[in-house]
Amino acid sequence: MPDPSPLAPTLRDLLPLLLLSFSAGSLTQLTRLLARPGPPRLRPTLALAAAAGIAALTVAALTRAALPHPDPALLLALACVTGWSGPGILARLGGLVERQLGLRDPAAPTGRPHD
């Protein structure tokens, strides 16, 4: 019986890319946090690594949607750079998307989550 959902094959095809992006972003942030002097606290470190992975996944998905066939190396590089920047990039990216969609006043400040 064929799958009635037209999005299922696309999402299935994107799953390896999204998992790789999440892993690359999380691992990059985790490496950055573990390189700091002093012992890291477990929960904040894991939370920041997971949030960086989600940010990297988001950037890779948006890039994949914006460019028809982006080079996989470009997507991996974007995931790592996003992972290094951390989850704060999502606030900036969200503000940019809201302004492009006309949902936010261009003069309004972009919020940045507190660490």
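A quick note: this is a predicted structure, and the numbers were derived from the prediction, not measured.

Draft legend 1. Region of interest: the side chain of Thr63. Take Thr63: it is sitting in helix 2 (residues 42–66). Polar side-chain contacts of Thr63 include one of 2.8 Å to the backbone oxygen of Val59. In this structure, Thr63 is in contact with Pro70, Leu75 and Leu78, ignoring residues within four places of it in sequence.

Draft legend 2. Main features of the UniProt feature "transmembrane region" (unreviewed entry) in the chain. Using the residue numbers shown here, the UniProt feature "transmembrane region" (unreviewed entry) corresponds to residues 14–34, 46–67 and 73–94. Annotation note: span residues 46–67, helix share 95%, strand share 0%, distance between end C-alpha atoms 31 Å.

Draft legend 3. Structural context of the packing of helix 2 against helix 4 (residues 88–100). Look at helix 2 against helix 4: their axes get within 9 Å of each other, and the N-to-C directions meet at 35°. For the crossing formed where helix 2 meets helix 4, the hand is left-handed. Contact residues: helix 2 offers Ile54, Ala55, Thr58, Val59 and Leu62, while helix 4 offers Ile89, Leu90 and Leu93. Its residues assigned to classes, the contact of helix 2 with helix 4 comprises seven nonpolar, one polar and no charged.

Draft legend 4. The arrangement of the packing of aromatic side chains in detail. One pass over the structure, following the stated rule, counts zero aromatic pairs. In this structure, Arg32 packs its charged tip against the face of Trp84, placed 5.2 Å from the ring centre.

Draft legend 5. Region of interest: the environment of Glu98. Following the sequence through the fold, Glu98 ends up in helix 4. On the accessibility criterion, Glu98 (29% relative accessible area) is partly exposed. Once residues within four sequence positions are removed from consideration, Glu98 is found in contact with Leu103 and Arg104.

Draft legend 6. Up close: the confidence of the model for the chain. Counting all residues, the mean pLDDT for the chain is 83, and 83% of those residues have values of 70 or more. Summarising per-element confidence for the chain, the mean pLDDT is lowest in helix 4 (83) and highest in helix 2 (92).

Draft legend 7. How the structure looks around the packing of helix 2 against helix 3 (residues 72–85). Following both chains from N to C, one finds helix 2 and helix 3 inclined at 145°, their axes separated by 8 Å at the closest point. Crossing angle aside, the handedness with which helix 2 passes helix 3 is right-handed. For the pair formed by helix 2 and helix 3, the contact residues are Ala52, Ala55, Ala56, Val59, Ala60, Thr63 and Arg64 on the first element and Leu75, Leu78, Ala79, Thr82 and Gly83 on the second. By residue class, the composition of the contact of helix 2 with helix 3 is eight nonpolar, three polar and one charged.

What counts and what doesn't
- Residues numbered from 1 in each chain as written.
- Predicted model: local features only at pLDDT ≥ 70, side-chain atom pairs only at ≥ 80, totals over all residues.
- Heavy atoms only, no water.
- Helix = DSSP H or I, 4+ residues; strand = E, 2+ residues; numbered from the N terminus.
- Polar contact = N/O pair within 3.5 Å; in protein donor to acceptor, adjacent residues only side chain to side chain.
- Contact = heavy atoms within 4.5 Å.
- UniProt positions renumbered as here; feature names shortened; annotations may be inferred.
- Axes fitted to C-alpha atoms, helices over the stretch in contact; angles between N-to-C directions.
- Left-handed = near helix turned anticlockwise from the far one by under 90°.
- Nonpolar A, V, L, I, M, F, W, Y, C, P; charged D, E, K, R; others polar.
- Phe/Tyr/Trp six-rings, centres within 6.5 Å; stacked < 30°, edge-to-face > 60°.
- Lys NZ or Arg CZ within 6 Å of the ring centre and 35° of its normal.
- Buried < 20%, exposed > 50% of the residue type's maximum accessible area, 1.4 Å probe, protein only.
- pLDDT = per-residue confidence, 0-100.

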